[in-house]
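# Structure at a glance
Residue-level listing of the chains:
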2 protein chains.
Amino acid sequence: MTDQNQKPIGVFDSGIGGLTVVRALLEKLPNENIVYFGDTARVPYGSKSPQVVREYTQDDTDFLLSKDVKMIVVACNTVSAVALDVVQKRANLPVTGVIIPGADAAMRSTKNRRVGVIGTVATVHSNAYANELKHLSKSVHVFSKACPLFVPLVEEGWMDFKATEMIANEYLFPLTTEKIDTLILGCTHYPLLKKIITKVTKGMVTLIDSGEATAGTVEKMLNEQNLRNTSTEKPNIQFFVSDAPEKFTAVGELFFGQKLGVVKRVSIG
Amino acid sequence: MTDQNQKPIGVFDSGIGGLTVVRALLEKLPNENIVYFGDTARVPYGSKSPQVVREYTQDDTDFLLSKDVKMIVVACNTVSAVALDVVQKRANLPVTGVIIPGADAAMRSTKNRRVGVIGTVATVHSNAYANELKHLSKSVHVFSKACPLFVPLVEEGWMDFKATEMIANEYLFPLTTEKIDTLILGCTHYPLLKKIITKVTKGMVTLIDSGEATAGTVEKMLNEQNLRNTSTEKPNIQFFVSDAPEKFTAVGELFFGQKLGVVKRVSIG
């Protein structure tokens, strides 16, 4: 093991949702140091054009590179969908997004090859999940739906509210009539709605959490490149955001499942 | 009348909502040329910290100044609440936000001096409407509520949806129990929800559209400074945005009530 192995994994997202990916990473790789960056000043990316998302992605990547990370995890579905190549070109490091791991897990789950994808407008319009699923199997049928209300509903804390269930039903009914047996949660906020989505889909659909799938990919990549941190010291998890940290700290625990510790504001872009 | 009078009125907003203010301006001042800027790349401002909003406001003001405007209307409630002084310092021109006109109209409307205010998190936390109302009358009681779901519901086009009514009820019930007789719609998106808000408040509350009130203030300021455009030529209304114009053009008609014409993308910041 060299110093290289002790370097942190860099994770970035447009905001707070990527904490569900960090949570999955910690469960699977409890020894790894992590630097998280959330671009909370410019969130959300999901409603912006690919050109703007690519510009912001450059800034996010440069920030993580300045923290001397050993690999980069793009926790943001939108960036994974429209700007993963920007990260790959800029960073001479192992890089993964959440799309390929999520699509891969969905193909391993589906029996009838009818897969649903939900996400932000940008993620769905990019067709990134659909393209990756088709790449894995030409015979798969993909049914996609943008769900722009889900992020603000989660951020309002209304995970268990009748109106949320009605909205979930409005969004998901067209997918269930297509008899999907697997649904990719293509946005890092959506795992917090698993309960209501399971209810609306009557428990008939397997939900794929792209963040969990991505943690498996990260483990595999670190093993292949002999980059695992085998130190038994308590890992260092650092959080950086581009807007005032108070809201991130307050809402973040919901996503992270535990206290966040210190969150620092940095200027980027 | 000089060339000065024919210069456009500059209007800016964080995104698309300010079009309801332009619409009100056109109705009241049909001869005026207008330049509109919507910072659609960085929308929304309402969930961001005052510091970040103030930085963005500088860029927005500089863009309008580059278009040689004769006055500036801050159509964004969030900017009006936390950064109006930034515009006033930077532009040596008449400037108005939407807060003072809205508060003023509410005080003229209320009989029982119990006034409600709804808006984004930033607008409500700023207490800008409450402070202005108290400034106008020490005896007024102000009841405020942030309604973060309203903007995405409007942008989804769900103005007439049962879940929207439930959410409106959730937000507004605490205000109606306080027996308000007047409610300030402190966000440029909210006039599109007038029907559902009237239903939820059982027609017992007068709704104040800050955009309409602001058009009255603009007329007054132009008259006072002898800046009205008396030309009978068809006025020139120009739209600029900081992200791809397609979405703005598509959704914009809903807010503007007519076709927008050409919308140009510009880089700022």
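Residues numbered from 1 in each chain as written. Chains lettered and ligands numbered in written order. Predicted model: local features only at pLDDT ≥ 70, side-chain atom pairs only at ≥ 80, totals over all residues. Heavy atoms only, no water.

## Examining helix α2 (residues 19-28) of chain B
Residue and element names in this part refer to chain B. The buried fraction of α2 is high, at 7 of 10 residues. Every buried residue belonging to α2 is among L19, T20, V21, V22, A24, L25 and L26, and all of these are buried. The elements touched by buried residues of α2 are β1 (9-13), β2 (34-38), β3 (71-74), α12 (210-224), β9 (237-241) and α13 (245-256). (Buried < 20%, exposed > 50% of the residue type's maximum accessible area, 1.4 Å probe, protein only. Helix = DSSP H or I, 4+ residues; strand = E, 2+ residues; numbered from the N terminus. Contact = heavy atoms within 4.5 Å.)

## Section: the packing of aromatic side chains
Scanning the entire structure with this criterion turns up 20 aromatic pairs over all chains. Plain terms: the ring middles of A:F150 and A:Y171 are 5.2 Å apart, the flat faces sit at 90° to each other, and that makes the pair edge-to-face. On the criterion of sequence distance, the pair formed by A:F150 in helix α9 (residues 150-155) and A:Y171 in helix α10 (residues 162-176) is long-range, its members being 21 residues apart. Accessibility expressed as a relative area gives 0% for A:F150, which makes it buried. Site record: aromatic cluster; members linked through ring pairs are A:F150, A:Y171, A:Y190, B:W158 and B:F161. (Phe/Tyr/Trp six-rings, centres within 6.5 Å; stacked < 30°, edge-to-face > 60°.)

## A short note on the environment of A:K48
Structurally, A:K48 can be placed in the loop between β2 (34-38) and α3 (50-66). Overall, the relative accessible area of 4% leaves A:K48 in the buried class. Dropping the residues within four chain positions of it, A:K48 is found in contact with A:R42, A:V43, A:V53, A:Y56, A:A122, B:T40, B:A41, B:R42, B:V43 and B:D243. There is a polar contact of 2.6 Å between the side chain of A:K48 and the backbone oxygen of A:P44. (Polar contact = N/O pair within 3.5 Å; in protein donor to acceptor, adjacent residues only side chain to side chain.)

## Things to note about the sheet that holds strand β5 (residues 114-119) of chain B
The strands that make up a sheet are held in pairs by hydrogen bonds between backbone atoms, and each pair lies either parallel or antiparallel. Residue and element names in this part refer to chain B. Pairing is parallel across the open sheet formed by 4 strands, whose spatial order is β6-β5-β7-β8. The outermost strands of the open sheet, each flanked by one partner alone, are β6 (141-146) and β8 (206-209). Direction aside, neighbouring strands of the sheet carry axes that sit 25° apart on average. With 4 bridges connecting them, strand β7 (residues 182-186) and β8 associate as parallel partners. From the neighbouring strand, L185 faces β8, where its bridge partner is D209. Of the strands in this sheet, β5, β6 and β7 are in contact with helix α10 (residues 162-176), which crosses β6 at around 170°. Across the sheet, α12 is in contact with β7 and β8; its angle to β8 comes to roughly 55°. (Pairing = 2+ DSSP bridges. Axes fitted to C-alpha atoms, helices over the stretch in contact; angles between N-to-C directions.)

## Focus: the relation of the copies chain A and chain B
Of the two same-sequence chains, chain A is brought onto chain B (RMSD 0.0 Å, axial shift 0.0 Å) by a rotation of 180°. Interpreted geometrically, this transformation is the action of a two-fold axis. Minimal C-alpha distance to the rotation axis in chain A is attained by A:A163, lying at 2.4 Å. (Least-squares fit on C-alpha atoms with pLDDT ≥ 70 in both.)

## Digging into the pairing of β5(B)
Within a regular strand, the side chains alternate between the two sheet faces. Residues and elements named next belong to chain B. With 5 of 6 residues buried, β5 lies mostly within the body of the structure. Alignment of β5 against β6, held across 6 bridges, turns out to be parallel. Bridging from a neighbouring strand, V117 pairs with S144 of β6. One ladder, built from 5 bridges, connects β5 with β7; its direction is parallel. The residue bridging V117 from the neighbouring strand is I184, located in β7.

## A few points about the packing of helix α2 (residues 19-28) of chain A against helix α13 (residues 245-256) of chain A
Residues and elements named next belong to chain A. For the pair α2 and α13, interaxial distance at closest approach is 8 Å and the crossing angle is 50°. By the angle between their directions, the pair α2 and α13 is classed as oblique. Here α2 and α13 pass one another in a crossing that is right-handed. Taken together, the residues of α13 that come into contact with α2 (itself represented by L19, T20, V22, R23 and L26) are F248, G252, L254, F255 and F256. Within the contact of α2 with α13, the residues separate by chemical class into 7 nonpolar, 2 polar and 1 charged. (Parallel < 35°, antiparallel > 145°, perpendicular 65-115°, else oblique. Left-handed = near helix turned anticlockwise from the far one by under 90°. Nonpolar A, V, L, I, M, F, W, Y, C, P; charged D, E, K, R; others polar.)

## Some words on the domain arrangement of chain A
Residue and element names in this part refer to chain A. What the domain assignment reports for chain A is domain 1 (3-97 + 212-265) and domain 2 (99-210). Taking only C-alpha atoms into account, the centre of domain 1 sits 22 Å from that of domain 2. With 24 residues of domain 1 at the contact, the number on the domain 2 side is 22 residues. In total, about 1,600 Å² of surface goes out of reach between domain 1 and domain 2, with carbon and sulfur atoms giving 60% of it. On the surface where domain 1 and domain 2 come into contact, there are 2 salt bridges. Two residues, E155 and K247, come together in a salt bridge whose shortest N-O distance is 3.4 Å. Applying the counting criterion to the domain 1 and domain 2 interface returns 14 residue pairs in polar contact (both at pLDDT 80 or more). (Domains from an automatic or database assignment. Buried area = accessible area lost by both parts, 1.4 Å probe. Salt bridge = Lys/Arg side-chain N within 4 Å of Asp/Glu carboxyl O.)

## What about the pattern of salt bridges?
All names here are of chain A. Counted under the stated rule, the structure contains 36 salt bridges over all chains. D160 serves as the salt-bridge partner of K195, at 3.2 Å between the closest nitrogen and oxygen. Residue K195 is located in helix α11 (residues 194-200), and its partner D160 is located in the loop between α9 and α10; the two are separated by 35 residues in the primary sequence. Judged by relative accessible area, K195 falls into the exposed class, the value being 60%.

## A short note on the nonpolar core
Formed by 112 residues in total, the largest nonpolar core has its most connected members in A:F150, A:I167, B:F150 and B:I167. The contacts of A:I167, once residues within four sequence positions are left out, are A:L149, A:F150, A:L153, B:L153, B:W158, B:F161, B:A163 and B:I167. B:F37, B:V52, B:A91 and B:I99 belong to the second-largest nonpolar core, a separate cluster that totals 41 residues. (Core = buried A, V, L, I, M, F, W, Y, C linked by side-chain atoms within 4.5 Å.)

## Here's the deal with unusual backbone geometry
Negative phi is the rule for most residues except glycine; trans is the rule for most peptide bonds. Residue and element names in this part refer to chain A. Residues V43 and P44 are joined by a peptide bond in cis, for which omega reads -5°. In this fold, P44 is placed in the loop between β2 and α3. With a phi close to 60°, N127 is a non-glycine residue in the positive phi region. Among the secondary structure elements, N127 is positioned in the loop between α7 (121-126) and α8 (128-136). Using a relative accessible area of 38% as the deciding quantity, one classes N127 as partly exposed. Notably, N226 is not glycine yet its phi reads approximately 55°, a positive angle. Residue placement: N226 occurs in the loop between α12 (210-224) and β9 (237-241).

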